[in-house]
Structure formats: structure tokens, C-alpha cells
Amino acid sequence: MDLKQFELIYKENRVKIKDKSNIESKLETILGSNNYSTKDIDILAYSKDSTLIGFNWEIEGKVAGFADFITWPETVEQISEILKLANQEKIPVIPYGEGSGVVGGAIPIYGGIIIDMKKFNKVLVINEKNLTVTAEAGINGMNLERHLNAKGFTSGHIPQSLYTSSLGGWIAHRAAGQFSTKYGKIEDIILGLEVVLPLGEIINFKTIARASTGPQLDKLFIGGEGTLGVVTKATLKIWPYPEKRALISYVFPSIESSFDAVRKILREQIYPAVIRIYDKFETARHFPDIDAVKDKVMIIFLCEGTSQLVDLEEKITKEKCTRNSGIECGKGPVEHWLETRFRVTETSSMPPYKIVFDTLEVATLWDNAAEVYHLVLKSMNEFKGVLMTSAHVSHFYPNGVGIYFSFGGVPPKGTSDFKFYQECWDTTIKAVLDAGGSIAHHHGIGINRSHWMDKEWGVAMKTMRQIKKVLDPNNILNPGKIYLETWKRGEN
Ligand SMILES: Cc1cc2nc3c(=O)[nH]c(=O)nc-3n(C[C@H](O)[C@H](O)[C@H](O)COP(=O)(O)OP(=O)(O)OC[C@H]3O[C@@H](n4cnc5c(N)ncnc54)[C@H](O)[C@@H]3O)c2cc1C
């Protein structure tokens, strides 16, 4: 295999490393001969994450970006040494969890050194009294959850990518699990962190239920997307494994009435672990066998916890749905979701048919949630080449929602897959901003959204870039993501 046969998508900023063999021998001194590689096959394996356009590229013989070295450190000190070396040599470093990110966050667009966190895979301690688990950041999500379940606990963080994502990746992208309405998102679950800063310093944020000790610096790294530090260890909240579950589903005449029902449930401080609203397009797609769903909006609920609590949550959930024009559909739709919730093959089956497909999640308050939903679908449907659009809503707060859009289409003649993809994204993001929403709910920024960050944050983005510069003066850690740097590596 020859890497030169692939066309590189992001090639403008690629760093030329002059004395590769010198760097290689320094990496060998830090890591030993088994924990790094420069083999083409490894370089190719780390040239992408799970960004869906990557499937289209693969078919066309294109690759997002190549790293120069792949490393698998085993200790925090080794990570610190790699970062010190990278600063001396001005080489980019890209932390890599399991590559399930969907915005290009782990793609080595500048080349450099990949730090794969795979060997940081241990559960270190479960404290049953404090209800905490401490684990290394490279641990696979399913392995962590299975370990907890075997001891009678759950972390409550169950993303659809549970089998293919890591604890560090969740923290880096501010992830949200399917059961998040009860247990919270990753930022609600993390209580303590260990991070290696870009210059190599190792810092530990103590595990504490809450503190009033000035600005909470640790929060900077939740959502840092591997640009401000490498997370090596974290302590998470855990909960006793639920004693009972109630499965409930209702259909509604419109997206507005479904929103009203959920909003009124949450106002009562009732938190079903899972709430999913499927718009009428997704309802038709997921539940074609149920007559009552035709042209309707389905909501599934899953309440869990102690028996008494679940009974109360079920009662109030049902009351609110009925009062807001809901028609009960039983347990079937929830059982269907439980069986299929980790199945994602339909998205990867489209590129061979030249279809460009992607999903995109955004956030908004309740008062403009319906507006964001309608405006985005309208803008997307007016876009030439788009064949389908739909949405579901699976993350809720008493104050607002995260809406998850899907689009698919075929680029018009003369437009490349990538251009079409970028334009579909930009159309959606613009519609969200116009309607007062936020450009990302839980997939992060990565490459796909970085050019919208100034619009999203306004002048605060200047401060964000200054923070990056203080922590990473040589801009070695995951360059090209989040900030769209205004300075180059090594320029102080
Ligand atoms: C089918 C599918 C379903 C998904 N479902 C969900 C879902 O339900 N909820 C959700 O939130 N997301 C979901 N995602 C997106 C993805 O799984 C998350 O973004 C996840 O958090 C990425 O974890 P990862 O370990 O794969 O990280 P990677 O993709 O390897 O990396 C993501 C980013 O994190 C950085 N990073 C990784 N590890 C570290 C570390 N230890 N320290 C510092 N930075 C690090 C990388 O540099 C990169 O910027 C889904 C993705 C797919 C493909």
C-alpha cells in the first residue's frame, strides 16, 4: 500500500517534519518500541473519525488527513513527555479516543502525533458510599458500563455510540447519553479530572460534590475537544441500578403539542430517563406497522428508578400526555427502540448510492423550539439536491431542548459531495442562528462548525482564543479545531 495513492482533503496546513527519524527515536525513548508506529497501515487507520462524509470520501479514494506518528502511551508521564517533545519540535499532537466523533475532532488535519488513549482502559475504584467511579480516560463506554452494572450500578451515560466511544471522548465533546433527561449530560456527571496540559504539566482537579473555590477551572476541559489538554482520568457520579422501568408511548397531532406535553411534565420536576419525540417523518419511518401513527408525532418515555418513584413518574407523564391531545400507544414502540437503539447501519449504507447523508444536533429554549424545527426543515428542503429531512428530539430540560436533524441528498451536477455537504450544514446552522438557537447540542465543534464559532460566541471568542494561547503557546494541541487559529504554531 502506498499512502500517496490517496487524495488528501485537508492538506493546506500540513506540517513538514524535517528530521522524522530523530523524532522517531525520541518517541522510542519515551514509549519503548511497541507503543508507537509509523507504518502506513496505522497512519491510514487514524486518518479519520466517524464523520459521515468520510464514507463518501473513502469510496472516492480520498482521505481527510494523515498523521506522521501513532502512539499508544501507557502512563501519564509518557503523555507529558510526548507533549514536551512536540513543543520543542513544534509538531501537532492529536488526542484520539475511539474515533466515533462526527465533526472531525480527532482528524489529524495538520499531521503530527496521534495519542491514542486505548491503553488507559482501567476502572480504578468504585466508591459505593460516595457513589463515584474513577476510571482511566481511554476506557470504552460499554466496558465501563458493564463493569458498573456487574456491581449493581450505572453511570446513566448511555450514548448511542456506547460500544465505540471512550470516557475521554465524551468529556472532550460534552457528550449526552440517551438517558440524559434523568441522569444529566457528561458535565453533570463528572466530579473530578486529571489532565495533562499542552506544555506537559499534569494537573489533578480534586473530586468533590461541589465547591466555592473561585472559577471552576476544571470545566474548561469539558468540551475542550483535545485542544486544551489530554484528559487521562476522571471520576464520575454513579447510581444504583434501577429497580423498575416503565415503558410509555403516545402519539400527538403536531410537533407543537408534543413539545407542550414534555414541557409540562418537566415543569412538575418529573424526569423520565428517556424521552424521544419523533417528528411525523421519523415516526412513519420507525413505526410503519402501527395504524394510529399515520401523520402523527410519536413520543416514547422510559421512566426508571425505585418502584415508588417510577409509579409516580408514570402517572404524571400519562396525565400530561392525555391532557395535551396524546393518544396512548402502549409499550411496543419503547420496546422497539430498546431493541434497535444501537443499530446505525442505515447511515453507512447510503454513500454507495452516491447519497450524502448526515445528522446535526442543535439547542434551543422552549419559546422558539418549534420555530427552530420548522425553519431548519424549510431551509433544508429549499436546498437544491436535498431529498429528505427529518428530526427527533431526545434531550430535554425544563428550559429547552436539543433537536437532532437528519438530511440526505444528491449533489446537483457539477457540485462535489463535500461542497454539497458543507452547504447543507451551513444552511442548517444559519437557520438555527437566525431563529435564536445554539449551533451544537452534543456532538461538538471539531472542523465542521469551527467557522461558525465567532457568530455563536461573539466577542467572547476572543477571550477563548486568548485562553488557548496561554495554555498552548505553540498551538500544538489539536490545531485547526474550534478556534480557527489566528496565529501559527511556534509564533509567540
Ligand atoms: C453511531 C454514532 C452514535 C453516536 N451517538 C452519540 C450520542 O448518543 N451522544 C453523543 O454525545 N455523541 C454521540 N456520537 C458522537 C461520538 O460518539 C461522541 O462525540 C463521543 O464523545 C466521541 O468519543 P470518542 O472516544 O470516539 O472520541 P474521538 O472521536 O476519538 O475524539 C473526539 C474528540 O475528543 C478528543 N479526545 C478524545 N479523547 C480525549 C482525551 N482523553 N483527552 C482530550 N481529548 C480527547 C479528540 O481529540 C477529538 O477532538 C455518536 C457517534 C456515532 C458514530
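Residues numbered from 1 in each chain as written. Predicted model: local features only at pLDDT ≥ 70, side-chain atom pairs only at ≥ 80, totals over all residues. Heavy atoms only, no water.

Engineer: I keep staring at the site of the ligand and nothing clicks. Help me out?
Structural biologist: Neighbouring residues of the ligand: 34 residues in total, closest P95, S100, S161, S166 and A176. In this structure, S161 approaches the ligand through a side-chain N or O atom, which is 2.6 Å from an oxygen atom. One nitrogen or oxygen atom from the main chain of G226 is found 3.5 Å from a nitrogen atom belonging to the ligand. For the ligand, whose accessible area on its own is 980 Å², the fraction buried by protein is 94%. Every element with two or more residues in the shell around the ligand is listed here: β5 (93–96), α6 (167–172) and β12 (230–237). (Near = heavy atom within 4 Å. Polar contact = N/O pair within 3.5 Å; in protein donor to acceptor, adjacent residues only side chain to side chain. Areas by Shrake-Rupley, 256 points an atom, 1.4 Å probe, with all protein chains shown as cover. Helix = DSSP H or I, 4+ residues; strand = E, 2+ residues; numbered from the N terminus.)

Engineer: I'm lost on the pattern of salt bridges in this one. Help?
Structural biologist: Here the idea is simple: oppositely charged side chains can pair when their charged atoms come close. As enumerated under the stated definition, the model contains 27 salt bridges in all. R14 is paired through a salt bridge with D68; the nearest N and O atoms lie 3.2 Å apart. Placement of R14 in the loop between β1 (7–8) and α1 (20–31) and of D68 in the loop between β3 (62–63) and β4 (69–71) is noted, with a sequence separation of 54 residues between them. Residue E423 is joined to K419 by a salt bridge in which the shortest nitrogen-to-oxygen separation is 2.8 Å. With E423 and K419 both in helix α15 (residues 417–434) and four residues apart, the pair spans about one turn of that helix. (Salt bridge = Lys/Arg side-chain N within 4 Å of Asp/Glu carboxyl O.)

Engineer: Which parts of the structure should I look at to understand the sheet that holds strand β10 (residues 190–196)?
Structural biologist: Pairing between the strands of a sheet is mediated by backbone hydrogen bonds and can be parallel or antiparallel. Spatially, five strands are ordered β7-β8-β12-β10-β11 in an open sheet, and the strand pairing comes out antiparallel. Every interior strand has two partners, whereas the edge strands, β7 (123–127) and β11 (202–205), have only one. Across the sheet, the axes of successive neighbouring strands diverge by a mean angle of 10°, strand direction being ignored. Taken together, the five bridges between strand β8 (residues 132–136) and β12 define a ladder with antiparallel strand orientation. Each bridged residue has a counterpart across the sheet, and for V133 the counterpart in β12 is L236. Of the strands in this sheet, β10, β11 and β12 touch helix α4 (residues 76–89), which is tilted by about 50° from β10. Lying on the sheet, helix α5 (residues 141–150) is in contact with β7, β8 and β12; it crosses β7 at an angle near 35°. (Pairing = 2+ DSSP bridges. Axes fitted to C-alpha atoms, helices over the stretch in contact; angles between N-to-C directions. Contact = heavy atoms within 4.5 Å.)

Engineer: Is there a simple way to explain the sheet that holds β5 in this structure?
Structural biologist: The strand order across the open sheet built from four strands is β2-β4-β6-β5, with neighbouring strands paired in mixed fashion. Strands at the two margins of the open sheet, each flanked by one partner only, are β2 (36–37) and β5. Where β5 meets strand β6 (residues 113–116), four bridges bridge the pair, whose relative direction is parallel. Of the residues in β6, the one forming a bridge with P95 is I115. Across the sheet, α1 is in contact with β2, β4 and β6; its angle to β4 comes to roughly 5°. Its contacts with the sheet put α4 on β4, β5 and β6, and the angle it makes with β6 is roughly 170°.

Engineer: Sorry if this is basic, but what is going on with unusual backbone geometry here?
Structural biologist: The bulk of non-glycine residues show a negative phi, and the bulk of peptide bonds are trans. Even without being a glycine, E225 presents a positive backbone phi close to 55°. Within the secondary structure, E225 sits in the loop between β11 and β12. Positive phi is not limited to glycine here, since S325 has a value of about 70°. Looking at where S325 falls in the secondary structure, it is placed in the loop between α11 (307–323) and β17 (327–328).

The values are spatial; any link to function lies outside them.
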